[in-house]
Amino acid sequence: MKRVVGLTGGIGSGKSTAADMLAALGASVVDADEISRGLTAAGGAAVPALREAFGEAIVPREGALDRAAMRSLAFSDPRARARLESILHPLIREEAARRLAAATGPYAVLVVPLLFETGFQAGRLERVVVVDLPEELQVSRTVERSGLDPREVRAIMAAQWPRWRRLQAADEVLWNGGGLGELRAQCERLHARLAARAGN
Ligand code: ADP
């Protein structure tokens, strides 16, 4: 079976940036968030079950999941969050497994934002790479990218694992407190190691 490496990190840490760099080097990248967006878009496989569970205020008839409405509901109501996850996670896992089986690179990278928080596929992953950076930088990059208020970003961060816990659980760390060149150099070294071990 192809080697699968998990890639995670807090919001705005640089997961997508690192995944793009690894993909450019030849890794097969599967992104759980992208799968989730597909499942919850109009006509997506999760839409009927989500409408049944949450009603048309959250999933308008013939429409896609209203992600902002769902996010605020899940944020304020742990039972709604658990229900959402029980619908979405099995479908994400199934589609991720399908994409990983079809991957053609020397190894695959599975990007999962809340990998530790949800215990996502931890058993199948050979190792977990964490993208890390100082919290201040994480806030400022996320604000710049999303236009969210810094307080909203901090509230999202507070609902995710704290930095120390993520670092403690990491098998490898990509340090993204520097520039893009520094991140790329680390991705090149990681890629060289993983590609060299492919098939061993
Ligand atoms: P994530 O996928 O973890 O949410 P992104 O990869 O989207 O994070 O990065 C968050 C933002 O920070 C993006 O706008 C990205 O372009 C920017 N970014 C990521 N790494 C760096 C870096 N080393 N230097 C400057 N900007 C960066």
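Residues numbered from 1 in each chain as written. Predicted model: local features only at pLDDT ≥ 70, side-chain atom pairs only at ≥ 80, totals over all residues. Heavy atoms only, no water.

### Re the overall build of the protein chain
Along the protein chain, the regular secondary structure elements total ten helices and five strands. Radius of gyration (C-alpha) of the protein chain: 17 Å, near the 16 Å computed for a compact globule of 200 residues. Based on the C-alpha atoms only, the size of the protein chain along its principal axes is roughly 50 × 40 × 25 Å. Considering only contacts within the protein chain whose residues lie at least 6 apart along the sequence, 73% involve residues at least 24 apart. When the accessible area of the protein chain is evaluated, it comes to approximately 10,300 Å², of which 53% is carbon and sulfur surface. Computed over 27 positive and 24 negative side-chain charges, the inter-centroid distance for the protein chain is 4 Å. (Helix = DSSP H or I, 4+ residues; strand = E, 2+ residues; numbered from the N terminus. Rg over C-alpha atoms; globule rule 2.2 N^0.38 Å. Contact = heavy atoms within 4.5 Å. Areas by Shrake-Rupley, 256 points an atom, 1.4 Å probe, with all protein chains shown as cover. Lys, Arg positive; Asp, Glu negative; His and termini not counted. Charge placed at Lys NZ, Arg CZ, Asp CG, Glu CD.)

### As for the site of the ligand
If you check the shell around the ligand, you find 13 residues, and the closest are Lys 15, Ser 16, Thr 17, Arg 145 and Asn 176. In the complex, the protein chains occlude 75% of the 560 Å² of accessible area that the ligand would expose alone. Every element with two or more residues in the shell around the ligand is listed here: α1 (15-25) and α7 (135-146). In terms of residues, the shell around the ligand owes the most to one element, α1, which gives three residues. (Near = heavy atom within 4 Å.)

### Quick look at the domain arrangement of the protein chain
Taken as a whole, the protein chain is organised into domain 1 (1-27 + 106-200) and domain 2 (42-104). Computed over C-alpha atoms only, the centres of domain 1 and domain 2 are separated by 23 Å. Of the residues lining the interface, 13 residues belong to domain 1; the matching set on domain 2 comes to ten residues. Summing both sides of the interface, domain 1 and domain 2 together bury roughly 890 Å²; the carbon and sulfur share of this comes to 72%. Where domain 1 touches domain 2, the interface holds zero salt bridges. Summed over the shared surface of domain 1 and domain 2, the number is zero residue pairs in polar contact (both at pLDDT 80 or more). Among the secondary structure elements, those contributing two or more residues to the side of domain 1 that touches domain 2 are β3 (108-111) and α8 (150-159). (Domains from an automatic or database assignment. Buried area = accessible area lost by both parts, 1.4 Å probe. Salt bridge = Lys/Arg side-chain N within 4 Å of Asp/Glu carboxyl O. Polar contact = N/O pair within 3.5 Å; in protein donor to acceptor, adjacent residues only side chain to side chain.)

### Re the packing of helix α4 (residues 67-76) against helix α5 (residues 78-101)
Helix packing for two helices is described by the angle between their axes and how far apart those axes are. The interhelical angle for the contact between α4 and α5, taken along N-to-C directions, is 120°, at an axis separation of 5 Å. Taken together, the axes of α4 and α5 lie oblique to each other. Counted together, Met 70, Leu 73, Ala 74 and Ser 76 of α4 and Pro 78, Ala 80, Arg 81 and Leu 84 of α5 form the full contact between these two elements. By residue class, the composition of the contact of α4 with α5 is six nonpolar, one polar and one charged. (Axes fitted to C-alpha atoms, helices over the stretch in contact; angles between N-to-C directions. Parallel < 35°, antiparallel > 145°, perpendicular 65-115°, else oblique. Nonpolar A, V, L, I, M, F, W, Y, C, P; charged D, E, K, R; others polar.)

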